[in-house]
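A structural walkthrough
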Amino acid sequence: MITRIAQISDTHLSRTKPYFRTNFDLVAEHLRGERPDIVINTGDLALDGADAEADLDEARDAHAGLGLECRLLPGNHDVGDHLDVARRQPVNAERLARYLRIIGPDGWTIDIPGWRLLGLNALTLGLDLDEGGQYAMIRDAAATLGGRELAIFLHKPLADTAYDEELNSNRFMTSGPRRHLAELLEGTTPALVCCGHVHQYRDSRIGGSRHLWAPASSFVISDPWQPGYGAKMVGYLSHSFHADGHHGVEVRAVRGLVHHDLVSFPDAYGDVRRWGEGNA
Ligand SMILES: [Fe+2]
Ligand SMILES: [Fe+2]
């Protein structure tokens, strides 16, 4: 028994700035042919859902149009960024409420043969905003695995190379929320941690877990403005979860996808070149 999950990420959809919609539509058409059991989007569903309600509407409608079972998770462009690193749009109660109203739950648990998939809101982890809902869900998910393997899905990578690193970067989870998650897991080591956010594909091992970064469907950020951690590409991940606890993954390209470079879309998030060379 194999459950097939398509992990798409960073779709950055918008009603008023539909720059990346054609790529989404190509992935959608491809997935309708592949018919995975579930499609998971690991966040940045919208281009500016943190401030523009219409962008969240667009993301909701685009995913509904897939005609496949979807589970969505928020990114920093959907609910604002984590307070540890937020520069312009901090996550707050208003932004979170808008996401919950328009998109739906910001976390979930799915049990499939041999596995439990746990989707988390990376932007509220460790904050009072979370009001206990996510904490209880994580504790309960880890405590009642009953022999299943655990796969965590969330927007941001848990770390770059080590859990004890102290990078204060908006590219990765910061050390406080990461420690908080570890405490809630109470010694359970997830087999897999699957994220998006960096717009690069990477496959690495940290702390006994395999960490998979899904490429964006929307755009990459070229080398002068963002370090290369993995492969800069657009596409998605095709996961195979086996009932015996094995897991396989393929990184998929889709015919016709354009490898947009954010530097060519200054109307999306401003002039990327002002972020500085390498933006390390
Ligand atoms: Fe993104
Ligand atoms: Fe992001």
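Everything that follows concerns the structure shown earlier in this document.
Residues numbered from 1 in each chain as written. Chains lettered and ligands numbered in written order. Predicted model: local features only at pLDDT ≥ 70, side-chain atom pairs only at ≥ 80, totals over all residues. Heavy atoms only, no water.

Right, let's talk about the coordination of the iron ion (ligand 2) for a bit. The protein atoms that coordinate the iron ion (ligand 2) are Asp-44 (OD), Asn-76 (OD1), His-155 (NE2) and His-197 (ND1), at distances of 2.1 to 2.2 Å. Considering all four donor atoms around the iron ion (ligand 2), angles at the metal cover 86 to 156° and the coordination shape is irregular. Read in sequence order, the donor residues coordinating the iron ion (ligand 2) give the pattern D-x31-N-x78-H-x41-H. Separation of the iron ion (ligand 2) from the iron ion (ligand 1) amounts to 3.6 Å, with Asp-44 serving as a shared donor to the pair. Of this pair, Asp-44 sits in the loop between strand S2 (38–41) and helix H2 (53–64) while His-155 sits in the loop between strand S6 (149–153) and helix H6 (175–185), and the two are 111 residues apart along the sequence. (Donors = N, O, S within 2.8 Å, 3.2 Å for Na, K, Ca; no water. Tetrahedral: all angles 85-135°; square planar, octahedral: opposite > 155°, others 65-115°. Helix = DSSP H or I, 4+ residues; strand = E, 2+ residues; numbered from the N terminus.)

On to the nonpolar core, then. Judged by nonpolar contacts, the single largest core of 52 residues is most densely connected at Leu-31, Ile-103, Leu-118, Leu-120, Ile-138 and Leu-154. No other element matches helix H5 (residues 133–143), which puts five residues into this core. If sequence neighbours within four positions are ignored, Leu-31 has contacts with Ala-6, Ile-8, Pro-36, Val-39, Leu-68 and Tyr-236. Ile-38, Ile-112, Phe-153 and Leu-192 belong to the second largest nonpolar core, which has 19 residues in total. (Core = buried A, V, L, I, M, F, W, Y, C linked by side-chain atoms within 4.5 Å. Buried < 20%, exposed > 50% of the residue type's maximum accessible area, 1.4 Å probe, protein only. Contact = heavy atoms within 4.5 Å.)

All of the buried residues in helix H4 (residues 93–102) are Arg-95, Leu-96, Arg-98, Tyr-99 and Ile-102. Buried residues of H4 fall within an arc of 160° about the axis and therefore sit on the same side. Summarising the geometry of H4, the exposed residues directed more than 90 degrees from the buried face are Ala-93, Glu-94 and Arg-101. Packed against the buried residues of H4 are H2, strand S3 (70–72) and helix H3 (76–79). The N-cap of H4, judged by a side-chain oxygen 3.2 Å from the amide nitrogen of Glu-94 a few residues on, is Asn-92. Backbone geometry just after H4 places Gly-104 at a positive phi near 125°. (Arc of directions from axis to C-beta. Polar contact = N/O pair within 3.5 Å; in protein donor to acceptor, adjacent residues only side chain to side chain.)

Now for the sheet that holds strand S11 (residues 236–242). Strand order in the open sheet made by the five strands is S3-S2-S1-S11-S12, with mixed pairing throughout. Looking at strand neighbours, the two that pair on one side only are S3 and strand S12 (247–252), the edges of this open sheet. Along the sheet, successive strands turn relative to each other by an average axial angle of 20°, direction set aside. Alignment of S11 against S12, held across six bridges, turns out to be antiparallel. Counted as the bridge partner of His-239 is Val-249 from S12. Sitting on the sheet, helix H1 (residues 21–34) is in contact with strand S1 (2–8), S2, S11 and S12, with an inclination near 175° to S1. (Pairing = 2+ DSSP bridges. Axes fitted to C-alpha atoms, helices over the stretch in contact; angles between N-to-C directions.)

Inspection of the secondary structure assignment puts Ala-191 in the loop between H6 and strand S7 (192–195). The contact partners of Ala-191, leaving out residues within four places of it in the chain, are Trp-115, Glu-149, Leu-150, Ser-209 and Arg-210.

Attention now moves to the packing of aromatic side chains. Throughout the structure, instances matching the rule amount to nine aromatic pairs. Between the aromatic rings of Tyr-19 and Phe-20, the centroid separation amounts to 5.9 Å while the plane-to-plane angle is 85°, which identifies the pairing as edge-to-face. Its relative accessible area of 25% is what places Tyr-19 among the partly exposed residues. Among the aromatic residues, those joined into a ring-pair cluster are Tyr-19, Phe-20, Phe-219 and Phe-265. (Phe/Tyr/Trp six-rings, centres within 6.5 Å; stacked < 30°, edge-to-face > 60°.)

With that settled, consider the coordination of the iron ion (ligand 1). Within the first shell, the iron ion (ligand 1) binds the protein through Asp-10 (OD), His-12 (NE2), Asp-44 (OD) and His-199 (NE2), at distances of 2.0 to 2.3 Å. Bound by four donor atoms, the iron ion (ligand 1) shows angles of 90 to 172° at the metal and therefore irregular coordination geometry. Positions of the donor residues of the iron ion (ligand 1), expressed as sequence spacing, correspond to D-x1-H-x31-D-x154-H. Here His-199 falls in the buried class, since its relative accessible area comes to 3%.

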